Amino acid sequence: MKKIYYPLACCLIGGMLASCGGSAKKSNATEEVVATTTTTVSYSKSLKADETETLDLPVDADGYITIFDGTSFNGWRGYGKDKVPSRWIIEDGCIKFCGSGTGEGQTGEGGDLIFAHKFKNFELELEWKVSKGGNSGIFYLAQEITSKDNDGNEVLEPIYISAPEYQVLDNANHPDAKLGKDNNRQSASLYDMIPAVPQNANPFGEWNKAKIMVYKGTVVHGQNDENVVEYHLWTKQWTDMLQASKFSEKKWPLAFELLNNCGGENHEGFIGLQDHGDDVWFRNIRVKVLD
């Protein structure tokens, strides 16, 4: 099929969903999702770079754009880095993090992974699975934040101080499932703030569908074809939730400041995948821009 190119600078129009084994992903409307056009997206190759590099990606008839095609890390890099850390690999058409066993104590070969284009209003769909006792997360509206230590050296702050987290977890075997409040650290929850209801995650080793919609401050988490979380950014409800969490103004002032104004001045940010030290797989990653 003939490809058409659009010079879109900094915006996306959706994408094609490629499955982990390389076969076409089924949709509700058609037997196969076929790329009818491509779109050009801009992205940053390093922490300090503006979004000046460009990448052509396929767009399907429903307006979804594939941001991982199962074969390359085009457009992806480490959070705060200029390349993909070596513990992130492509295996059988999936993005896999090869666990270090160190939890949040990330090694030099690891760290979180981001797709280095900032999204504003969008719908993200993907599939994930974890190893037994596995923990990970999906971040959105993330910023790359640095601060100064006591000696005046620049220090990279963790991704989760600026980004809401869709929890990815083996609920049956990871202790985090029993922490927090009212199961708000279980799979698909808004981490440490809102529990996913119903809790319909599949067990470790099995694929789960994740969906995140962000539109003018309204955020919805979906898991396995059910909406399980809804909340509203930049509202009193959002501020109150932050104050009741580990990111409160008293406990973590910088995190509270950044999350309370989530997405920064333009209300946009990166999509990220978490290194929490455990084996985790992601596939069929696609985005539809709602701007």
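Residues numbered from 1 in each chain as written. Predicted model: local features only at pLDDT ≥ 70, side-chain atom pairs only at ≥ 80, totals over all residues. Heavy atoms only, no water.

**Q** What is the right way to look at the pairing of strand β15 (residues 226–232) in this model?
**A** Side chains on a regular strand alternate between the two faces of the sheet. The pairing of strand β14 (residues 218–223) with β15 spans six bridges and is classified as antiparallel. In the sheet register, Val220 faces β15, and the bridge partner there is Glu230. Turn length for the β14-β15 hairpin, with the two strands adjacent in sequence and antiparallel, is two residues, and the turn residue Asn224 shows positive phi of about 50°. (Pairing = 2+ DSSP bridges. Helix = DSSP H or I, 4+ residues; strand = E, 2+ residues; numbered from the N terminus.)

**Q** Hey, could you run me through the pairing of strand β9 (residues 135–142) in this one?
**A** Of all the eight residues making up β9, eight are buried; the element is thus mostly covered by neighbouring parts of the structure. Pairing between β9 and strand β12 (residues 165–169): five bridges, direction antiparallel. Counted as the bridge partner of Phe139 is Glu165 from β12. Taken together, the three bridges between β9 and strand β16 (residues 269–273) define a ladder with antiparallel strand orientation. Among the inter-strand pairings, Ile138 is bridged to a residue of β16, identified as Leu273. (Buried < 20%, exposed > 50% of the residue type's maximum accessible area, 1.4 Å probe, protein only.)

**Q** Explain the sheet that holds β16 to me, please; I cannot follow it from the model alone.
**A** Sheet strands pair via backbone hydrogen bonds, and the direction of the pair is either parallel or antiparallel. The antiparallel open sheet is built from five strands, whose spatial order is β4-β7-β16-β9-β12. Edge positions in the open sheet fall to β4 (76–78) and β12, since each of these has one partner strand only. Between one strand axis and the next, the sheet turns by 25° as a mean value, whatever way the strands run. Sheet topology places β4 next to strand β7 (residues 113–119); three bridges connect them, and they run antiparallel. (Axes fitted to C-alpha atoms, helices over the stretch in contact; angles between N-to-C directions.)

**Q** I would appreciate a short explanation of the environment of Phe122 in the present structure.
**A** As for its position among the elements, Phe122 is in strand β8 (residues 122–130). By relative accessible area, Phe122 is classed as buried at 1%. Through-space distance from the C-alpha of Phe122 to that of Ile212 is 8.1 Å; in sequence the pair is 90 residues apart. Residues contacting Phe122, with those up to four places away along its chain left out, are Tyr140, Leu141, Ile212, Met213, Val214, Ile271, Val287, Lys288, Val289 and Leu290. (Contact = heavy atoms within 4.5 Å.)

**Q** Would you take a moment to explain empty space enclosed by the protein for this structure?
**A** Where empty space is left becomes clear once a probe the size of a water molecule has been rolled over the atoms. Evaluated as defined, the whole model comprises one cavity of 30 Å³ or more. Considering only enclosed or pocket space, the largest cavity measures out at about 50 Å³ in volume. Lining of the largest cavity is provided by Tyr160, Ala163, Pro164, Glu165, Leu190, Tyr191, Met193, Phe247 and Leu259. Looking at side-chain class alone, the lining of the largest cavity contains eight nonpolar, no polar and one charged residues. (1 Å grid on protein atoms, 1.4 Å probe; cavity = no way out; pocket = protein on both sides within 12 Å on 5 of 7 lines; lining within 4 Å. Points joined across faces, edges and corners; volume = space filled by probe spheres on them. Nonpolar A, V, L, I, M, F, W, Y, C, P; charged D, E, K, R; others polar.)

**Q** Even after reading the chapter, I still don't get unusual backbone geometry, so can you show me in this structure?
**A** What you tend to see is this: most non-glycine residues have negative phi, and most peptide bonds are trans. A cis geometry characterises the amide bond from Val197 onward to Pro198, with omega recorded as 0°. Counting through the fold element by element, Pro198 comes out in the loop between β12 and β13 (208–215). Look at Lys216: it is not a glycine, yet its phi comes out positive at around 50°. Looking at where Lys216 falls in the secondary structure, it is placed in the loop between β13 and β14. Given a relative accessible area of 61%, Lys216 falls into the exposed group. We note that Asn284 has phi near 50°; this positive angle belongs to a residue other than glycine. Mapped onto the secondary structure, Asn284 falls in strand β17 (residues 280–289). Residue class for Asn284 comes out buried when judged on its relative accessible area of 4%.

**Q** Can you help me understand the packing of aromatic side chains in this one?
**A** To describe a pair of aromatic rings, you give the distance between the ring centres and the angle between the ring planes. Throughout the structure, instances matching the rule amount to eight aromatic pairs. For the ring pair Phe68 and Phe73, a centre distance of 6.4 Å and an interplane angle of 35° mean the geometry is tilted. An aromatic cluster of at least three residues, connected via ring pairs, comprises Trp76, Phe115, Phe119 and Phe122. Over the face of the ring belonging to Trp207 we find Arg283, whose NZ or CZ atom lies 3.9 Å from the ring centre. (Phe/Tyr/Trp six-rings, centres within 6.5 Å; stacked < 30°, edge-to-face > 60°. Lys NZ or Arg CZ within 6 Å of the ring centre and 35° of its normal.)

**Q** I tried to follow the packing of helix α1 (residues 236–243) against helix α2 (residues 253–260) on my own but got confused; where do I start?
**A** Helix packing geometry: the angle between the two helix axes and the distance between the axes. At a minimum axis distance of 10 Å, the contact between α1 and α2 shows a crossing angle of 160°. Taken together, α1 and α2 sit at an angle that is classed as roughly antiparallel. Considering the relative orientation of α1 and α2, their crossing is right-handed. Judged by residue contacts, Trp238, Thr239, Leu242 and Gln243 of α1 engage Phe256, Leu259 and Asn260 from α2. (Parallel < 35°, antiparallel > 145°, perpendicular 65-115°, else oblique. Left-handed = near helix turned anticlockwise from the far one by under 90°.)

Functional significance is not addressed by these values, which are geometric in nature.
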